[in-house]
Amino acid sequence: MSHKEYQGPAGGWGALKATTTHLLKSQNVAKNISNLLKANQDHGFDCPGCAWGEKGIPGRFRFCENGAKAVNWEATSRRVDGNFFAKHSVSWLNQQTDYYLEFQGRLSEPVRYNRETDHYEPISWDNAFELIAKQLRALDDPNQAEFYTSGRASNEAAFLYQLMARSYGTNNFPDCSNMCHEATSYALAESIGIGKGTVTIDDFEIADAIFLFGQNPGTNHPRMLETLSHATKRGARVVAFNNLKERGLERFTNPQDPLEMLTYHSNPTTSDYFTPKLGGDMAAVRGMVKILAERDEIAQQHGESIFDREFIAAQTQGMEEYLAIVAQTSWEQIVEQSGLSREQLEQAANIYQHAKRVIVTWAMGVTQHKHSVDIIQEFVNLQLLFGQIGKPGAGLCPVRGHSNVQGDRTVGINEQPSASFLASLEQACGFKPPVSKGHNVVQALRALSSGQSKVFIGLGGNIVAAAPDTSLIVQAMRGSQLTVNIATKLNRSHVNPGHESLILPCLGRTDIDMQASGEQKITVEDSFSMVHASSGRVEMHHDDQMRSEPAVIVGIAKALLGAHYPIDWQAMADNYDCIRELIEAVIPGFEQFNQRLDRPGGFYLGNSARDLCWKTPSHKAQILANILPESIIPKQLIAQTNAPIFVLQTLRSHDQYNTTVYGYDDRYRGIFGEREVVFINPIDMANLNLSEGDKIDIKTLWSDDVTRQIKGFKAIPYAIPQGNIAAYFPEANVLIPLMSFGDHSETPTSKSVAVIITRHEHDSLDVVVQR
Ligand SMILES: Nc1nc2c(c(=O)[nH]1)N[C@H]1C(S)=C(S)[C@@H](COP(=O)(O)OP(=O)(O)OC[C@H]3O[C@@H](n4cnc5c(=O)[nH]c(N)nc54)[C@H](O)[C@@H]3O)O[C@H]1N2
Ligand SMILES: Nc1nc2c(c(=O)[nH]1)N[C@H]1C(S)=C(S)[C@@H](COP(=O)(O)OP(=O)(O)OC[C@H]3O[C@@H](n4cnc5c(=O)[nH]c(N)nc54)[C@H](O)[C@@H]3O)O[C@H]1N2
Ligand SMILES: [Mo]
């Protein structure tokens with residue numbers, strides 16, 4: 001176990017070596033090499049990794065190191081079946097690591113928890129469906145059931161899932177996006193009338209400047225590095241705002257470019273790099289706007305303007321109020337909250353002002369704060385002042401997480417469905433869907449933990465490890481009447497069963513999906529609103545019992561609602577064209593869905609804001625005047641302690657996919673063989689009297705009397721602003737209070753937790769070390 005600084009570029013030989021190691025670990029090497037060649041190709045499968053889009057270059061491999069890990073992880077030959085569960089009790093399994101649980105292989109047989117023996121035991125598919133139907137029918141109210149979705153579900157599976165739950169009578173759709181880009185959807189809908197990004201992949205080729213906020217593409221969207229290094233090569237400015245120095249945001253060697261590989265050539269991925277404090281991006285952009293607004297005022301004295309006045313007049317509303325708020329915001333507050341100097345913000349403002357076409361991108365470093373909606377609306381304000389939406393090479397680009405998280409939302413996974421969606425659903429399927437607002441993740445978990453909700457069904461995902469406040473969530477799941485997990489791999493949620501519990505094994509993106517009418521395709525939507533078809537390549541073993549997600553949902557629906565209410569369910573599972581016909585009938589943008597499936601590169605769903613059509617109440621884009629938060633650490637918490645308070649962010653290592661831990665290295669951050677580490681500024685370490693590798697305990701400050709603590713994590717000196725620290729999720733999830741969430745979005749504040757640090761004492765006596 002060690003920490004040493006990573007010297008190489010991102011990608012390159014390091015990535016190739018890691019890809020090979022993970023291929024070998026899958027025990028399915030030859031098959032997986034051929035699988036990878038099919039990733040993101042026309043007639044192949046959509047990579048189950050991230051939601052970055054693709055430019056159709058024929059004959060080009062389109063996977064990355066981390067896509068390869070995702071494919072290998074799914075396409076393993078190991079199996080978790082009834083025999084496996086006979087050997088291991090649930091209590092024993094719950095003591096194993098997340099890595100161990102998933103490494104055991106693919107879930108391959110439906111199982112039911114037996115409370116007396118503490119083992120899962122085989123159950124037939126039909127009995128499993130009957131059990132679910134019986135429990136759901138016995139509830140007093142359909143709103144006592146929670147239907148969770150993780151973002152790997154296809155459009156077809158997600159559409160059927162919401163149809164089943166709505167026909168049953170609830171809008172309770174807690175979704176992984178509630179923990180992810182919810183703030184984006186909310187903020188953009190309010191500002192520009194649509195909750196999605198406005199750019200396409202082609203825009204990156206002609207942008208003059210790309211501003212990246214709070215994302216780590218080297219690990220989480222590696223195919224984006226190629227786009228960024230192309231941009232810097234042709235002279236565009238790529239400006240990163242990241243709380244940490246991330247390797248992938250500095251240099252990159254394209255592992256698919258033989259010349260670059262053989263000459264050890266690497267290209268910069270960014271031209272400028274700023275490290276704001278956690279939660280400081282709104283203040284940083286406010287500073288940029290303040291500088292630009294002052295320049296605009298001077299220009300106006302000469303009858304000119306640096307803003308796009310024509311655009312502002314024709315397309316927007318609210319500029320005056322916003323600029324008044326900007327003028328009132330003090331430099332003192334901007335510099336203090338952003339952690340960046342006025343000179344640095346002038347440098348950023350200069351780049352912005354002199355670029356004709358600007359794209360702004362962001363991910364979790366922006367969306368997982370208390371004021372995330374305001375941060376995103378500040379990005380929109382800046383872009384609107386300069387007319388940087390709705391023209392080629394410019395716009396807004398939230399970089400999505402799960403490969404189909406955007407599509408799941410499009411096809412109806414939404415706890416607050418629009419009236420028009422419900423009306424179309426009613427018309428196409430002939431039933432009255434429920435109209436009352438359902439639960440998001442935080443509300444669902446509160447309802448389960450208080451006993452108000454009684455049944456949890458998960459279409460993928462790992463809610464116990466993905467959600468905050470781990471001990472509370474464990475108690476909520478264990479207290480439920482029934483928990484059902486439709487999944488590919490064994491995880492923490494499965495080993496914390498409710499009174500009744502089922503694990504239903506399903507096919508993944510890489511598997512061949514054979515149904516009555518033949519081999520099926522599914523579809524997904526990427527970050528650029530492109531819908532692609534995907535068909536798996538891996539054959540199941542002859543004794544495997546996995547079913548496709550649509551087939552599992554149809555099984556539950558038939559048992560619960562009857563074979564023909566409100567639709568002929570079996571027809572949907574037999575031929576997914578039928579599901580797509582229904583999607584076409586209900587959701588705008590899917591005209592001729594089946595006919596357009598095989599278009600190379602997919603088809604574009606369109607974006608109203610890109611067409612300068614603003615679906616806001618005023619029919620204008622809104623320049624919104626939000627004020628900066630008073631402080632990042634809530635004032636009432638500051639009074640709780642005399643010890644120095646740090647702000648913690650939780651992030652992903654290079655060897656994980658959310659709660660799936662592929663390995664214990666975080667190559668680009670120089671961490672090898674371990675995960676229980678905390679990244680700290682060297683000056684803070686000195687003030688705390690800590691040396692590299694010293695063990696520390698971290699405790700949350702919150703307004704209740706629950707102790708939330710992690711113990712014995714190693715301190716690692718790192719390029720992060722003073723007062724900020726970082727640790728990996730899911731290990732650090734125990735520190736995040738369920739009730740600490742974003743305004744409007746209710747997204748857990750995974751990038752903003754107030755904590756105090758103490759030296760770890762073996763006798764567990766907590767001594768606060770003074771700064
Ligand atoms: N290999 C791999 N790929 C993935 C995933 C994975 O786990 N593994 N997860 C997928 C999913 S679901 C998602 S949502 C995306 C996540 O993609 P990212 O958003 O890149 O994921 P995180 O690891 O959470 O990284 C957050 C980044 O933001 C920075 N940051 C944190 N707080 C702040 C802040 O306040 N300001 C600024 N400027 N920067 C900040 C952190 O230093 C870090 O670099 O990736 C998707 N792709
Ligand atoms: N502290 C902290 N917490 C976070 C975050 C953070 O940055 N910090 N990030 C949040 C974010 S952005 C997200 S998106 C959530 C993720 O939350 P989830 O989506 O719930 O979690 P995953 O880890 O992606 O789910 C992994 C499991 O999904 C199952 N699975 C994989 N592929 C398939 C499939 O094709 N079908 C089915 N049915 N199951 C499949 C496997 O059994 C696997 O164990 O976590 C959130 N939690
Ligand atoms: Mo995500």
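The structure presented is a predicted model; accordingly, all values stated were derived computationally and were not measured. (Residues numbered from 1 in each chain as written. Chains lettered and ligands numbered in written order. Predicted model: local features only at pLDDT ≥ 70, side-chain atom pairs only at ≥ 80, totals over all residues. Heavy atoms only, no water.)

**A look at the site of ligand 1**
Here's step 1: Surrounding ligand 1, one finds 31 residues, the nearest of these being Asn242, Glu246, Asp281, Gln656 and Asn658.
Here's step 2: Here an oxygen atom of ligand 1 sits 2.6 Å away from a polar atom, N or O, in the side chain of Glu246.
Here's step 3: Within the complex, the protein chains bury 99% of what would otherwise be the 920 Å² of accessible surface of ligand 1.
Here's step 4: Listed by contribution, the elements that provide at least two residues to the shell around ligand 1 are helix H10 (217–220), helix H18 (364–367), strand S25 (646–651) and strand S26 (656–657). (Near = heavy atom within 4 Å. Polar contact = N/O pair within 3.5 Å; in protein donor to acceptor, adjacent residues only side chain to side chain. Areas by Shrake-Rupley, 256 points an atom, 1.4 Å probe, with all protein chains shown as cover. Helix = DSSP H or I, 4+ residues; strand = E, 2+ residues; numbered from the N terminus.)

**Re the sheet that holds strand S12 (residues 272–274)**
Here's step 1: The five strands lie next to each other as S12-S9-S8-S14-S15, forming an open sheet whose pairing is parallel. Only two strands of the sheet have a single partner each, and these edge strands are S12 and strand S15 (395–398). Going across the sheet, the axis of each strand differs from the next one's by a mean of 15 degrees, ignoring polarity.
Here's step 2: Both strand S14 (residues 358–362) and S15 contribute to a ladder of four bridges, which runs parallel. Looking across to S15, one finds that Ile359 is bridged to Gly395.
Here's step 3: This element, helix H9 (residues 182–192), spans S14 and S15 of the sheet and lies at about 160 degrees to S15.
Here's step 4: Relative to the sheet, helix H19 (residues 372–385) contacts strand S8 (209–213), S14 and S15, its axis offset from that of S14 by approximately 175 degrees. (Pairing = 2+ DSSP bridges. Axes fitted to C-alpha atoms, helices over the stretch in contact; angles between N-to-C directions. Contact = heavy atoms within 4.5 Å.)

**A look at the layout of surface pockets**
It is a probe the size of a water molecule, rolled over the atoms, that shows where empty space is left.
Here's step 1: Approximately 1600 Å³ is the volume found for the largest pocket.
Here's step 2: Taken together, 44 residues line the largest pocket, and the ones lying closest to its centre are Ile194, Gly195, Lys196, Asn414 and Ser418.
Here's step 3: At five residues, H9 tops the list of elements feeding residues into the lining of the largest pocket. (1 Å grid on protein atoms, 1.4 Å probe; cavity = no way out; pocket = protein on both sides within 12 Å on 5 of 7 lines; lining within 4 Å. Points joined across faces, edges and corners; volume = space filled by probe spheres on them.)

**Some details on the sheet that holds strand S21 (residues 522–525)**
Here's step 1: Here we have three strands laid out as an open sheet, ordered S21-S22-S23, and antiparallel in their pairing. The strands lining the two open edges of the sheet, one partner per strand, are S21 and strand S23 (603–604).
Here's step 2: Together, S21 and strand S22 (530–534) form the strand contacts of helix H8 (residues 155–168), whose direction differs from that of S21 by roughly 90 degrees.

**Describing the nonpolar core**
Here's step 1: Within the largest apolar cluster, 65 residues are counted, with the highest numbers of intra-cluster contacts made by Leu136, Phe147, Phe159 and Met164.
Here's step 2: Excluding its chain neighbours within four sequence positions, the residues that come into contact with Phe159 are Val411, Leu425, Ile579, Leu582, Ile583, Val586 and Ile587. (Core = buried A, V, L, I, M, F, W, Y, C linked by side-chain atoms within 4.5 Å. Buried < 20%, exposed > 50% of the residue type's maximum accessible area, 1.4 Å probe, protein only.)

**Structural notes on the site of ligand 2**
Here's step 1: In the vicinity of ligand 2, 33 residues are found, and the nearest of them are Glu102, Tyr148, Glu549, Thr659 and Asn733.
Here's step 2: Here a nitrogen atom of ligand 2 and a backbone polar atom of Ile486 are 3.0 Å apart.
Here's step 3: Note that a nitrogen atom of ligand 2 is positioned 2.6 Å from one of the side-chain N or O atoms of Glu549.
Here's step 4: Within the complex, the protein chains bury 97% of what would otherwise be the 930 Å² of accessible surface of ligand 2.
Here's step 5: Its residues assigned to classes, the shell around ligand 2 shows twelve nonpolar, 15 polar and six charged. (Nonpolar A, V, L, I, M, F, W, Y, C, P; charged D, E, K, R; others polar.)

**Overview of the environment of Tyr728**
Here's step 1: Secondary-structure assignment places Tyr728 in strand S32 (residues 724–728).
Here's step 2: As a C-alpha pair, Tyr728 and Val677 span 51 residues in sequence and 7.6 Å in three-dimensional space.
Here's step 3: For Tyr728, the residues in contact, after removing those within four places along its chain, are Leu651, Arg652, Ser653, Gln656, Asp666, Arg669, Ile671, Glu674, Arg675, Val677 and Phe679.
Here's step 4: Engagement of the side chain of Tyr728 in a polar contact is seen with the side chain of Asp666, the distance being 2.6 Å.

**A look at the UniProt feature "domain: Molybdopterin dinucleotide-binding" (unreviewed entry) in the chain**
Here's step 1: The sites that UniProt annotates as "domain: Molybdopterin dinucleotide-binding" (unreviewed entry) are residues 646–753.
Here's step 2: The distance separating the terminal C-alpha atoms of residues 646–753 is 8 Å; by composition the span is 6% helix and 34% strand. (UniProt positions renumbered as here; feature names shortened; annotations may be inferred.)

**A few points about the pattern of salt bridges**
Here's step 1: Going through the model one piece at a time under the given rule, you end up with 29 salt bridges.
Here's step 2: Residue Glu182 pairs with Arg409 through a salt bridge whose shortest N-O separation is 3.1 Å. Of this pair, Glu182 sits in helix H9 while Arg409 sits in helix H20 (residues 405–410), placing them 227 residues apart in sequence. Taken individually, Glu182 and Arg409 each receive the classification buried, so the pair is uniform in this respect.
Here's step 3: Overlapping salt bridges, with partners in common, bring together Asp175, Glu182, Arg409 and Glu415 in one network. (Salt bridge = Lys/Arg side-chain N within 4 Å of Asp/Glu carboxyl O.)

**Examining unusual backbone geometry**
Here's step 1: The linkage connecting Tyr565 with the following residue, Pro566, adopts the cis geometry, with an omega of -10 degrees.
Here's step 2: With an omega of 10 degrees, the peptide bond running from Phe729 to Pro730 counts as cis.
Here's step 3: Here Pro730 is to be found in the loop between S32 and strand S33 (753–759).
Here's step 4: A positive phi angle, near 50 degrees, is found at Asp469, a position not held by glycine.
Here's step 5: Structurally, Asp469 can be placed in the loop between helix H23 (463–466) and helix H24 (470–478).
Here's step 6: The exposure class of Asp469 is buried, given its relative accessible area of 6%.
Here's step 7: Of note in the backbone geometry, Glu746 takes a positive phi value of approximately 55 degrees without being a glycine.
Here's step 8: Turning to its location among the elements, Glu746 is positioned in the loop between S32 and S33.

**Quick look at the pairing of strand S17 (residues 482–487)**
Here's step 1: Across the six residues that make up S17, a large majority, six, are buried.
Here's step 2: Burial of S17 is two-sided: the residues Leu482, Val484 and Ile486 facing one way and the residues Thr483, Asn485 and Ala487 facing the other way are all buried.
Here's step 3: Bridge count for strand S16 (residues 455–459) against S17 is five bridges, and the pairing is parallel. Paired with Val455 across the bridge in S17 is Leu482.
Here's step 4: Note: S17 against strand S18 (residues 500–505), six bridges, orientation parallel. Counted as the bridge partner of Asn485 is Ile503 from S18.

**Points about helix H27 (residues 576–586)**
Here's step 1: Those residues of H27 lying buried are Tyr576, Ile579, Arg580, Leu582, Ile583 and Val586. Within H27, the buried residues cover an arc of 155 degrees as seen down the axis, which keeps them to one side.
Here's step 2: Near the N-terminus of H27, the side chain that reaches the backbone nitrogen of Asp577, with its oxygen 2.9 Å away, is that of Asn575. (Arc of directions from axis to C-beta.)

**Re the packing of H8 against H27**
Here's step 1: Put simply, H8 and H27 touch, their axes get as near as 10 Å, and they point 70 degrees apart. In this view, H8 runs roughly perpendicular relative to H27, as classed from their interaxial angle. Judged by the sense of rotation from one axis to the other, the crossing of H8 with H27 is left-handed. Within the contact between the two elements, H8 uses Asn155, Glu156, Phe159, Leu160 and Leu163 and H27 uses Tyr576, Ile579, Arg580, Leu582, Ile583 and Val586. (Parallel < 35°, antiparallel > 145°, perpendicular 65-115°, else oblique. Left-handed = near helix turned anticlockwise from the far one by under 90°.)

**Thoughts on the domain arrangement of the chain**
Here's step 1: Taken domain by domain, the chain comprises domain 1 (2–74), domain 2 (107–173 + 439–459 + 472–523 + 548–593), domain 3 (182–403) and domain 4 (635–770).
Here's step 2: Facing seven residues of domain 1, the contacting portion of domain 2 comprises six residues.
Here's step 3: Of the roughly 720 Å² buried between domain 1 and domain 2 on both sides combined, carbon and sulfur atoms contribute 47%.
Here's step 4: Note that Glu74 is salt-bridged to Arg152, the shortest N-O span being 4.0 Å.
Here's step 5: Applying the counting rule to domain 1 against domain 2 returns three residue pairs in polar contact (both at pLDDT 80 or more).
Here's step 6: Among the residues making up the side of domain 1 that touches domain 2, the classes are represented as five nonpolar, no polar and two charged. (Domains from an automatic or database assignment. Buried area = accessible area lost by both parts, 1.4 Å probe.)

**Focus: the packing of aromatic side chains**
Here's step 1: In the structure shown here, the tally under the stated rule is 28 aromatic pairs.
Here's step 2: On the basis of an interplanar angle of 45 degrees and a centroid distance of 6.1 Å, the ring pair of Trp73 and Phe103 is categorised as tilted. Here Phe103 lies in helix H6 (residues 98–103) and Trp73 lies in helix H3 (residues 65–74), a separation of 30 residues in the sequence.
Here's step 3: Over the ring of Phe103 we find Arg78, and its NZ or CZ is 4.0 Å from the ring centre. (Phe/Tyr/Trp six-rings, centres within 6.5 Å; stacked < 30°, edge-to-face > 60°. Lys NZ or Arg CZ within 6 Å of the ring centre and 35° of its normal.)

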